[in-house]
Amino acid sequence: MPKFTETEKQVLDLFKLNTSFSFEGKKYTIIERDKPRPSKGECKTDVYVKLRDEDDECRELKISIKQGNAEFLENKIQYERAKEILGADVDNILKNSISELENNFKQQELVYFDGKGKTDPHSIKLGWKFEIMNKRGGKLSGALKLNKNQVVDVYSGQQLPDEKKNANVNDKMVIGSGVANYMLCVEETKDLSLNDVVKALIPIEKYVEEHPNIYYACKALNFRSSEDKWDGDRPLSVYVDWTIKEGKLHGKLNFSEPLKKKANEIGNNLKSMLEKLNISEKNFDDLKEKLHNDVKYYVKE
């Protein structure tokens, strides 16, 4: 499977200027083509093509490319980016979606005295990152609570800010050029012809009818005591509020502020709690005696 940038270029190269082809019952000639470039970030249109028909009427193909191996629509999501993607109702969408998995979250171990899977020994959970995906991804994954129009908006980019909706095409700003109206799903492009690509174009609305769900996955982010670190200041969909209760380390899951709290705040708070309990990497196992009974932990049997 070629890299996405290679696929994007190969598709764009097929749309050669002044080439004619039939599409949706009409004959068109390509009069402009480019990769749209917003003033910052990325838009949803990967390939922009302007066409003219035999009646001298123009139309735009604004193509969003999806490769068969792509899992993520968005990963490492910040709150601001989630709001761009999901719109003004982002808080309710996130809360309503994540709340369905509340029991799954509560079954998770929060402290690891021994390693388990990809989790290092002497690790403590800070919370879970948030990713938007094309398919489910593990136990802490589900479908976003979106209606059809909202799903269309996610794939097309209609909710993006103006600087991403109105991108530069051939060094001039074109209104709406960053808002996709067709989806192109491809595996390999090296043997494809222009007609192959044109036949494979699916209007975004039709694609959504066939793929009505957009999924999310919550991935654990842990404080690794052995390295005294965690993987960056990531926004957390659900975070652990670490406190000292009855003289012991206590963790309570917070579902009320998705993507509002970040790992550095939660991690530094946890480290201060450990310091108060005189727990460090050197005596991490002593935490077994200073861990509140409510906190689930893992010890290899």
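Starting from 1, residues in each chain are numbered consecutively following that chain's sequence as written. Owing to the predicted nature of the model, reporting of local features is limited to residues with pLDDT of at least 70; listing and counting of side-chain atom pairs is limited to 80 or more, with chain, interface and lining totals taken over all residues. Hydrogens are left out, water is left out, and the side-chain values use all remaining heavy atoms of the structure.

### Details of the overall build of the protein chain
Within the protein chain, the secondary structure is distributed over 9 helices and 18 strands. Considering only C-alpha atoms, the protein chain reaches an extent of 80 × 35 × 35 Å along its principal axes. Scored against the burial criterion, the 301 residues of the protein chain give a buried share of 48%. Only the protein chains shown count as cover for residues, and the accessible areas themselves come from Shrake-Rupley with a 1.4 Å probe. For the protein chain, the exposed surface amounts to about 15500 Å²; the carbon and sulfur share of it is 42%. Numbered from the N terminus, helices here are DSSP runs of H or I no shorter than four residues, and strands are runs of E no shorter than two. Classification of residues uses two cut-offs on accessible area relative to the type maximum, computed with a 1.4 Å probe and protein chains only: under 20% is buried, over 50% is exposed, and between them is partly exposed.

### Notes on a negative patch on the surface
Every patch collects residues that have over 30% relative accessible area and no salt bridge, joining them within 9 Å if they carry like charges and within 5 Å if they are nonpolar side chains (Val, Leu, Ile, Met, Phe, Trp, Tyr). Should a side-chain nitrogen of Lys or Arg be within 4 Å of a carboxyl oxygen of Asp or Glu, the pair is scored as a salt bridge. Lys and Arg are tallied as positive, Asp and Glu as negative. Neither His nor the chain termini are counted. By convention, the charge on Lys lies at NZ, on Arg at CZ, on Asp at CG and on Glu at CD. Together, Glu281, Asp285, Asp286 and Glu289 make up a negatively charged patch on the protein surface. Here Glu281 is to be found in the loop between helix H9 (263–276) and strand E18 (297–298). Given the relative accessible area of 31%, Glu281 is considered partly exposed.

### Description of the sheet that holds strand E1 (residues 20–23)
For two strands to be treated as a pair, DSSP must find no fewer than two bridges joining them. Pairing is mixed in the open sheet, where 6 strands are placed in the order E1-E2-E3-E4-E11-E12. The sheet is open, and its two edges are formed by E1 and strand E12 (202–203), each paired on a single side. As judged from the 5 bridges shared by strand E4 (residues 58–67) and strand E11 (residues 182–186), these two strands associate in the parallel manner. Across the sheet, residue Gln67 finds its bridge partner in E11, namely Val186. Note on contacts: a residue pair is in contact if any heavy atoms of the two residues lie within 4.5 Å. Angles run from 0 to 180 degrees between N-to-C directions of axes, and those axes are lines fitted to C-alpha atoms, restricted for helices to the stretch in contact. Its contacts with the sheet place helix H1 (residues 4–14) against strand E2 (26–34), strand E3 (47–53), E4 and E11, and it is angled at close to 150° to E4.

### Looking at the pairing of strand E16 (residues 248–254)
With 5 of its 7 residues buried, E16 lies for the most part within the structure. Of the pairings in the sheet, the one linking strand E15 (residues 238–245) to E16 comprises 7 bridges and is antiparallel in character. The partner of Ile244 across the bridge, within E16, is Leu249. The hairpin turn running from E15 into E16, its antiparallel successor, is 2 residues long, and Glu246 in that turn takes a positive phi close to 55°.

### Some details on the side chain of Lys62
Assignment of secondary structure puts Lys62 in strand E4. One buried charged residue, Lys62, forms no salt bridge at all, with the nearest opposite charge on Glu60 at 4.2 Å. Those residues in contact with Lys62 that sit more than four places away from it in its chain are Thr45, Val47, Tyr48, Gly176, Ser177, Val179, Ala180, Asn181 and Tyr182.

### As for the packing of helix H2 (residues 79–86) against helix H3 (residues 90–99)
With their axes 9 Å apart at the nearest point, H2 and H3 run at an angle of 100° to one another. What the angle tells us is that H2 and H3 run roughly perpendicular. Counting all contacts with H2, which are made through Tyr79, Ala82, Lys83 and Leu86, the residues of H3 involved are Val90, Asp91, Ile93 and Leu94. Residue composition of the contact of H2 with H3, grouped by class: 6 nonpolar, no polar and 2 charged. Here roughly perpendicular refers to angles of 65 to 115 degrees, roughly parallel to angles under 35, roughly antiparallel to angles over 145, and oblique to all remaining angles. Gly counts as polar in this scheme, as do all residues outside two lists: the nonpolar Ala, Val, Leu, Ile, Met, Phe, Trp, Tyr, Cys and Pro, and the charged Asp, Glu, Lys and Arg.

### Points about the packing of aromatic side chains
Ring pairs shown here join Phe, Tyr and Trp side chains whose ring centres sit within 6.5 Å, with only the six-membered ring taken for Trp; geometry is labelled stacked below 30 degrees between planes, edge-to-face above 60, and tilted in between. Summed over the entire model, instances satisfying the criterion amount to 10 aromatic pairs. With centroids separated by 6.4 Å and ring planes inclined at 75°, the aromatic side chains of Phe15 and Phe21 adopt a geometry described as edge-to-face. Using a relative accessible area of 0% as the deciding quantity, one classes Phe15 as buried. Cluster of aromatic residues (ring-pair linked, three or more members): Phe105, Trp128 and Phe255. In this scheme, the term charge over a ring applies when either NZ of a lysine or CZ of an arginine sits within 6 Å of the ring centre and within 35 degrees of the ring normal. Above the face of the Tyr79 ring, Lys260 is positioned so that its terminal group lies 4.9 Å from the ring centre. Between Lys288 and the ring centre of Phe113, over which it is positioned, the NZ or CZ distance is 5.3 Å.

### Regarding the nonpolar core
In terms of nonpolar packing, the biggest core is built from 58 residues, with Phe105, Phe130, Trp242 and Leu287 touching the most fellow members. Excluding residues that lie within four positions of it along the chain, Leu287 makes contacts with Val111, Phe113, Ile124, Leu249, Leu274 and Ile279. What we call a nonpolar core is a set of buried Ala, Val, Leu, Ile, Met, Phe, Trp, Tyr and Cys residues that are connected through their side-chain atoms within 4.5 Å. Residues Leu51, Leu61, Ile63 and Leu194 belong to the second largest nonpolar core, which totals 20 residues.

### Focus: the pattern of salt bridges
Applying the stated criterion across every chain yields a total of 23 salt bridges. Here Glu227 and Arg224 are joined by a salt bridge, their closest N and O atoms 2.9 Å apart. Several salt bridges share partner residues, and in doing so they unite Asp120, Arg224, Glu227 and Asp231 into one network.

### Regarding the layout of surface pockets
Here the second largest pocket defines a volume of roughly 340 Å³. Using only the protein atoms, space was sampled on a 1 Å grid; points where a 1.4 Å probe fits but cannot get out form cavities, open sets with protein on both sides within 12 Å along at least five of seven lines form pockets, and lining residues are those with an atom within 4 Å of a point. In terms of lining residues, the second largest pocket is bounded by 15 residues, among which Gln108, Trp128, Leu140, Cys218 and Ala220 are the most central. Secondary structure elements with two or more residues in the lining of the second largest pocket: strand E7 (123–133) and strand E13 (215–224). With 4 residues, the top contributor of residues to the lining of the second largest pocket is E13. Here the lining of the second largest pocket is built from residues that sort into 5 nonpolar, 5 polar and 5 charged. Grid points are joined across faces, edges and corners, and a volume is the space filled by probe spheres set on the points.

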